Amino acid sequence: MASGDDDDPIIEEIDVYLAKSLADKLYLFQYPVRPSTMTYDDVNHLSAKIKPKQQRVELEMAIDAMSPNYCRSKGEQIALNVDGTTYDETNTYSAKMMDKQTFCSIQATTNTSRYAAAVFRKGELHVTPLTGILQMRPSFSYLDKADTKTREREAANEGGDSSQDEAEEDAKAITVRFARPESEQARQRRIQSYEFLQKKQAEEPWVHLHYHGVKDGRSEHERQYMFCQSVDASENSELVKTPKEYLAMLMPPLAEEKVVKPVGPSNVLSMAQLRTLPLGEQVKTLMKNVKVMPFANLMGLLASGTDSTATLRCIQQVALLVQGNWVVKSDVLYPKNTCSPHSGVPAEVLCRGRDFVMWRFTLERSVMRKEIASIIKLPPEDVKEFLEHVAVPRVNRGWEFLLPTDGDFIKKHPDVAHRQHMLWLGIQSKLEKVFNFSKEDFMPKNSPQPEPVHVSGEQRLKMAQERAQGNQSSLQKDLNARRAGSSVHVKQEPLSDQEDEPMDTSSSSIPNGSVNGYPSATSPALDHTNGNGGSPANTASQELQDFVIKTFRKHFVLTLNEFKRLFNLHLASMPVGRSVFPSISDHMLQDAILLCQCKQIMVPFPAQTTAAPDEQKVFGLWETGEEFDKQRRLLYDLFTKNYKVRRNAIQARLAQEFGDAPKADVDRLLHECCISHAGMWYLKGTIPS
């Protein structure tokens, strides 16, 4: 196989010389409006002038008025329009005819370092660098002069002849004004304006030249300077380079540029830059941006492999534990010697007010903004900012804490929770002195809130049955006494004795002192003497139970939220004046459901679910007396392990327990209790929004 040199042989070698005699005065003229075959070499050049700094050239060339292609009448008309009828030395066309035209130059390029003119003679190539490349185009300035003449004549005709007999104008006072000093911005605008540039260009004087034709002796003499005057290689060092120097000229080394990191907005956090910081700074930066965060989420934002113990030490320096979640400390958000951007309140006062808001959220899920503002006495904008950091507004419930209580963290780290509790006691004592209050002012007046108690659905059912048996006689008497009562309404059990609120279906979390979300027997919400209802056995009726049985035999699976909606529709459809109950609480409804062969299905909702508490309480019909109850219970058991299940998993479990399950039975089971979404099956009412 032939090599590359054999395929592409060298035919001839040509010596190249660099001529410098005309290096600073050689221009290339181009005439883009005329083909290359029609040159101006034989045209008479009347004058030439140049502005060297601007590289601006003007050429005047004669027009052949004797040519058969020349329109004499048009030429005379143009000359008349430009110069008028009077003769003057400044006239453009002295022959009363357009017998010449002007060419003006524009720069084709401002960088001519890569361009040169070359001549080849006797096997040698002589190269001369170009100073400029100019494109010559016809100038129509004579038309502007004709327009000026026309306007002058029109102005003279309108004004008429001036008369010396006209009375002199009365003397008028004039006001002398001095120009204010020019600012730097105004100066920059003036320098960049078109008028200023035109003025600067006009200041450079024209240099008049004498034109020599192509065949003129002087032109031939000047052309000799395009050949290198010395052929000695030592004097042409530009073209005599070593291979390494030549390569460096072709590919100059890159200069090290200082990399400037882009500056992002102040509210944008770069995770790539964040992970270059020490762990303590990472935690502090994240908490300042997020304000409130579960510990599990914080670990997810940090680099994989980060030690949780070290992270716990760091977060306790910049945040406080509120309901199992970490909330950034006030002095981190409002450093010393700063002030509020809204009202100008000093940082020390802001920190005390925000600490009070956070302390209130350690006691309860929701707070009232007016109550907070009346105690800390800060501007409304600052109070709203405190609340927006850690809470969201709820209709008729004030501001609710932003995240659900993280009980898993408290169980996993009891030592940290205890340490934070002691820290809050110290903060509480300081706040009591500053704002002159006591903790008892914010606690229920009947009894303190008990700790949450967790019992199973079977235990609650047994408790409800025992209460119903012990109060059967009082139930019957109450029913008879209230048959002719007033209108029926469903009422939400109040969280405290301070607020009596309607049935709530918002996404509020489970209140303290509850049993699986329901107030326990010792809770103030079920105080039998406080006038807010009582146990379900005291007010339940056969009609309520009949409604529960009828509804669940139709729907089989219902969330508490959906059951309340159906019950409200039932009450609205009852005849006017027929009232069985003066009021029905959520707890009465739940206990009535449990008394009617139904059980609560503990569906494991995901941690980040947006479902409201009432939507997370799912009840299913447990006993109907049919053989099909077994399949239904098995389905409920599947949904206690996962909140969504595939159809083949249900079929496999049914086949494992009862043998081959007919397709009709599977279809019936899913139709009665479930709903499909994105290839998965959910219990009714549990599809995530």
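1. Overview of the overall build of the protein chain
Check the secondary structure of the protein chain and you find 27 helices and 22 strands. Burial analysis of the protein chain (689 residues in total) assigns 35% to the buried set. By element, 53% of the accessible surface of the protein chain is carried by carbon and sulfur atoms, the whole surface being about 43400 Å².

2. Quick word on the sheet that holds strand E2 (residues 27-30)
Strand pairing in a sheet takes place through backbone hydrogen bonds and is either antiparallel or parallel in direction. Here 6 strands make up an open sheet; going across it, the order is E2-E8-E5-E4-E3-E9 and the pairing mixed. Both edges of this open sheet fall to E2 and strand E9 (207-209), since each of them pairs with a single strand only. Within this sheet the neighbouring strands show an average axis-to-axis angle of 25°, counted without direction. Note: strand E5 (residues 100-107) against strand E8 (residues 132-138), 5 bridges, orientation antiparallel. Bridge assignment links Gln-107 to a residue of E8, and that residue is Leu-134.

3. Observations regarding the sheet that holds strand E15 (residues 398-401)
Spatial strand order, E13-E15-E14: 3 strands in an open sheet with antiparallel pairing. Both outer strands of the open sheet, strand E13 (366-367) and strand E14 (391-394), are each paired with one neighbouring strand and no more. One ladder, built from 4 bridges, connects E14 with E15; its direction is antiparallel. Considered in E15, the bridge of Ala-391 is made with Phe-401.

4. Side note on the pattern of salt bridges
For the structure on display, the rule yields 28 salt bridges. In this structure, the salt-bridge partner of Arg-360 is Glu-364, at a minimum N-O distance of 2.4 Å. For Arg-360, a relative accessible area of 2% gives the class buried. Here Arg-394 ties to Glu-400 by a salt bridge, and the two come within 2.8 Å at their closest N and O atoms. We classify Arg-394 as partly exposed; its relative accessible area is 25%. Exposure remark for Glu-400: the relative accessible area of 2% places this residue in the buried category. The network of salt bridges with shared partners includes Glu-626, Asp-629, Arg-632, Arg-668 and Glu-672.

5. Details of the layout of surface pockets
By volume, the second largest pocket amounts to about 1500 Å³. Taken together, 36 residues form the lining of the second largest pocket, with Leu-26, Tyr-27, Phe-29, Tyr-211 and His-212 sitting closest to its centre. Class assignment of the residues belonging to the lining of the second largest pocket gives a composition of 21 nonpolar, 8 polar and 7 charged.

6. Re the pairing of strand E21 (residues 674-677)
Sheet topology places E21 next to strand E22 (residues 680-683); 4 bridges connect them, and they run antiparallel. Looking at E22, one finds that Ile-675 is bridged to Tyr-682. Counting the residues in the hairpin turn of E21 and E22 gives 2 residues, including Ala-678, whose phi is positive at 55°.

7. Considerations on the side chain of Thr-311
As for its position among the elements, Thr-311 is in helix H11 (residues 308-318). Take Thr-311: its relative accessible area is 0%, and that puts it in the buried class. Ignoring any residue separated from it by four or fewer positions in sequence, one finds Thr-311 in contact with Leu-279, Val-283, Phe-295, Leu-298, Met-299, Leu-302 and Thr-306.

8. A word on the packing of helix H22 (residues 560-573) against helix H23 (residues 586-595)
The interhelical angle for the contact between H22 and H23, taken along N-to-C directions, is 100°, at an axis separation of 11 Å. On the basis of the axis angle, H22 is roughly perpendicular to H23. Residues Leu-560, Phe-563, Lys-564 and Phe-567 of H22 form the contact with H23, whose own contacting residues are Asp-586, Leu-589, Gln-590 and Ile-593. Looking at the contact of H22 with H23 residue by residue, the class counts come to 5 nonpolar, 1 polar and 2 charged.

9. Regarding the environment of Lys-291
Relative to the assigned elements, Lys-291 resides in the loop between helix H9 (279-290) and strand E10 (292-293). Exposure remark for Lys-291: the relative accessible area of 18% places this residue in the buried category. Separated by 28 residues in sequence, Lys-291 and Ala-319 have C-alpha atoms that sit 8.9 Å apart. Apart from the residues within four sequence positions on either side, Lys-291 is in contact with Leu-286, Trp-326, Val-327, Val-328, Leu-333 and His-389.

10. Considering the environment of Asp-546
With respect to the element layout, Asp-546 can be found in helix H21 (residues 542-555). Sequence separation of Asp-546 and Ala-592 is 46 residues, and the distance between their C-alpha atoms is 9.8 Å.

11. Points about H9
The end-to-end C-alpha distance of H9 is 16 Å, a good match for the 16 Å that 12 residues give at a rise of 1.5 Å each. Each element contacted by the buried residues of H9 is listed here: helix H8 (271-274), E10, helix H10 (295-301), H11, strand E11 (319-322) and strand E12 (325-328). With its phi angle positive at about 80°, Lys-291 sits one or two positions after the end of H9.

12. Overview of the nonpolar core
Counting residues in each nonpolar core, the largest one holds 53 residues, and the members touching the most others are Met-287, Trp-326, Phe-356 and Phe-361. Looking at which element gives the most residues to this core, the answer is helix H13 (residues 347-363), with 8 residues. Excluding anything up to four places from it in sequence, Phe-361 contacts Val-322, Gln-323, Ser-366, Val-367, Leu-387, Val-390, Ala-391, Trp-399, Glu-400 and Phe-401.

13. Considering the environment of Glu-58
Checked against the element boundaries, Glu-58 lands in strand E4 (residues 56-62). Since its relative accessible area comes to 15%, Glu-58 is described here as buried. Separated by 148 residues in the primary sequence, Glu-58 and Trp-206 place their C-alpha atoms 9.5 Å from one another. Those residues in contact with Glu-58 that sit more than four places away from it in its chain are Ser-47, Ala-48, Lys-49, Thr-102, Phe-103, Cys-104 and Trp-206.

14. Structural notes on empty space enclosed by the protein
A probe as big as a water molecule, rolled over the atoms, marks out the empty space that is left. With the rule as written, the count across this model stands at 3 cavities of 30 Å³ or more. Approximately 30 Å³ is the volume attributed to the second largest cavity. What lines the second largest cavity is simply Ile-549, Arg-553, Cys-596, Gln-597, Leu-621 and Glu-623.

15. What to know about the confidence of the model for the protein chain
Any residue range with low pLDDT should be treated as having predicted coordinates unsuitable for detailed reading. In this model, the protein chain carries a mean pLDDT of 78, and residues with pLDDT of at least 70 account for 77%. The least confident element of the protein chain, judged by mean pLDDT, is strand E16 (residues 514-515) at 37; the most confident is E12 at 93. Every residue in residues 445-450 scores below 50 in pLDDT, and together they form 14 contacts with partners more than four places removed in sequence or on other chains. Taken as a whole, residues 484-540 scores under 50 in pLDDT and shows 149 contacts with residues more than four places along the chain or in a different chain.

Criteria and cut-off values
- Starting from 1, residues in each chain are numbered consecutively following that chain's sequence as written.
- Local features in this predicted model are restricted to residues of pLDDT 70 or higher, and side-chain atom pairs are both shown and tallied only at a pLDDT of 80 or more, whereas totals for entire chains, interfaces and linings draw on every residue.
- For side-chain calculations, the full set of non-hydrogen atoms in the structure is used, while hydrogens and water are omitted.
- A run of DSSP states H or I qualifies as a helix once it reaches four residues; a run of E qualifies as a strand once it reaches two. Both are numbered from the N-terminal end.
- Only protein chains enter the accessibility calculation, which uses a 1.4 Å probe; a residue whose area is less than 20% of its type maximum is buried, one above 50% is exposed, and one in between is partly exposed.
- Surface accessibility follows the Shrake-Rupley procedure with a 1.4 Å probe radius. Residue values consider only the protein chains on display as shielding.
- Pairing between two strands is assigned when DSSP locates at least 2 bridges connecting them.
- A fitted line through C-alpha atoms represents every axis, and for helices the fit uses only the stretch in contact; the resulting angles, taken between N-to-C directions, go from 0 to 180 degrees.
- Basic side-chain nitrogens of Lys or Arg form a salt bridge, by our definition, when they fall within 4 Å of a carboxyl oxygen of Asp or Glu.
- Site definitions follow a grid-based scheme: protein atoms alone, a 1 Å grid, a 1.4 Å probe that fits but cannot get out for cavities, and for pockets an open set with protein on both sides within 12 Å along at least five of seven lines, plus lining residues having an atom within 4 Å of a point.
- Grid points are joined across faces, edges and corners, and a volume is the space filled by probe spheres set on the points.
- For this classification, the nonpolar set comprises Ala, Val, Leu, Ile, Met, Phe, Trp, Tyr, Cys and Pro, the charged set comprises Asp, Glu, Lys and Arg, and every other residue, Gly included, is treated as polar.
- In this analysis, two residues are considered to be in contact whenever any of their non-hydrogen atoms come within 4.5 Å of each other.
- Roughly parallel refers to an angle under 35 degrees, roughly antiparallel to one over 145, roughly perpendicular to one between 65 and 115, and oblique to any angle outside these ranges.
- To estimate how far a helix should extend, the number of its residues minus one is multiplied by 1.5 Å.
- Nonpolar core, defined: a set of buried Ala, Val, Leu, Ile, Met, Phe, Trp, Tyr and Cys residues in which side-chain atoms within 4.5 Å join the residues together.
- The predictor attaches a confidence to each residue, and that confidence, scored 0 to 100, is pLDDT.

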